[in-house]
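Below are the chains, spelled out letter by letter.
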Amino acid sequence: MVTVSLRPYHKGLTLKTKTTFIGLCLAGLGALPLLAEEPPLWINVTPLPEGRAEATADDLAFLADNTVVDGAAYSCSLVPEGDPAVDKAAIYARRYRETAPLVRARCGIRQGVLLQSTMGHGWTPNAVTPWQTVVKEDGQGMYKFCPLDARFLDHMSAQARTLAALSPDFFMVDDDARLISGVRACYCPLHLAEFARRTGRLWTREEIVAAVRDDEGTAKAWDLLLTDSVAGLMERIRAAFPP
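Predicted model only: the values in this text are computed from it and were never measured.

This part covers helix α5 (residues 205-214). Within the span of α5, buried status applies to R205, I208, V209 and A211. Looking at the buried residues of α5, the elements they touch are β9 (133-135), α4 (189-199) and α6 (216-240).

Right, let's get into the nonpolar core. Counting 55 residues, the largest nonpolar core has L78, L163 and F241 as its most contacted members. A total of seven residues in this core trace back to one element, the largest contributor, which is α6. Apart from residues lying up to four places away in sequence, L78 is in contact with K88, A89, Y92, L115, S117, M156, Q159 and L163. Counting seven residues, the second largest nonpolar core, distinct from the first, contains L41, V45, A73 and F170.

The next point concerns the confidence of the model for the protein. On average, residues of the protein score 87 in pLDDT, and 85% of them reach the 70 mark or higher. Across residues 1-35, confidence stays below pLDDT 50; counting only partners more than four residues off in sequence or on other chains, it has 75 contacts.

Another point: the pattern of salt bridges. Evaluated as defined, the whole model comprises 17 salt bridges. Salt-bridge contacts for E50 lead to R95; the nearest nitrogen and oxygen are separated by 3.3 Å. Of this pair, E50 sits in the loop between β6 (42-46) and α1 (53-66) while R95 sits in helix α2 (residues 88-106), placing them 45 residues apart in sequence. With a relative accessible area of 41%, E50 lands in the partly exposed category. Judged by its relative accessible area of 3%, R95 is buried. Members of the salt-bridge network, linked through shared partners, are E50, R94, R95 and E98.

This paragraph deals with α2. The periodicity of an α-helix, 3.6 residues per turn, causes residues three or four places apart in sequence to face the same way. Compared with an ideal rise of 1.5 Å per residue, which puts 19 residues at 27 Å, α2 spans 27 Å between its outermost C-alpha atoms and is within 8% of the ideal. Bending of α2 peaks at approximately 25 degrees at the position of Y96. When we look at burial in α2, the residues that qualify are K88, A89, I91, Y92, A93, R95, Y96, T99, A100 and V103.

Cut-offs used in this document
- Residues numbered from 1 in each chain as written.
- Predicted model: local features only at pLDDT ≥ 70, side-chain atom pairs only at ≥ 80, totals over all residues.
- Heavy atoms only, no water.
- Buried < 20%, exposed > 50% of the residue type's maximum accessible area, 1.4 Å probe, protein only.
- Helix = DSSP H or I, 4+ residues; strand = E, 2+ residues; numbered from the N terminus.
- Contact = heavy atoms within 4.5 Å.
- Core = buried A, V, L, I, M, F, W, Y, C linked by side-chain atoms within 4.5 Å.
- pLDDT = per-residue confidence, 0-100.
- Salt bridge = Lys/Arg side-chain N within 4 Å of Asp/Glu carboxyl O.
- Expected span 1.5 Å × (residues − 1).
- Bend = angle between axes of the 7 residues up to and from the residue.

Below, the structure written as structure tokens:
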């Protein structure tokens, strides 16, 4: 297993991507009977480092010839950085265009894109984007973007459209796009306002935290809001890619 840390620079901003060369299966072996018409795709999460197109193509050709890997998901870290937010998708799209033809010339592996971070995994970059970020149940913030912020949604839609224009064989969204498991959020002003609209009363963060623990109805309503929030982001991303 090889871990590659990619830290290219653009106008003094760090685009941080850390991926691991591993084979991933989109479906467990137990699900194979359900996929008889379309067998699982065995995916290698592949970075797109600057100036490494030939080496990346050689690596993928080796994997195609010597392992079960038959798909490459090019890792694109899109979490917003900078003010204004850097157009990261354009940088990755250029690298994709340099790499994909070389891979096609060497092997028949399917090539797609992994939106490796959209909302963010929580690390704070050198230059932040001043949009609404997540507020956890203890009131602490983290550098993870709230999917109710219209600026974030518009930006991520544009990023997805740039990657979709590459006509990849498939696309995936990473697991940073979540608000419940491992995050227990978001209690930002946007979520408090939307919960008030849905329930017909004003809430503080502390009141919601207590009510979610003690009242099943409130807990379900709050979970639904969090689910709808992430689903709204997913809908925007999915709309960028052709069916």
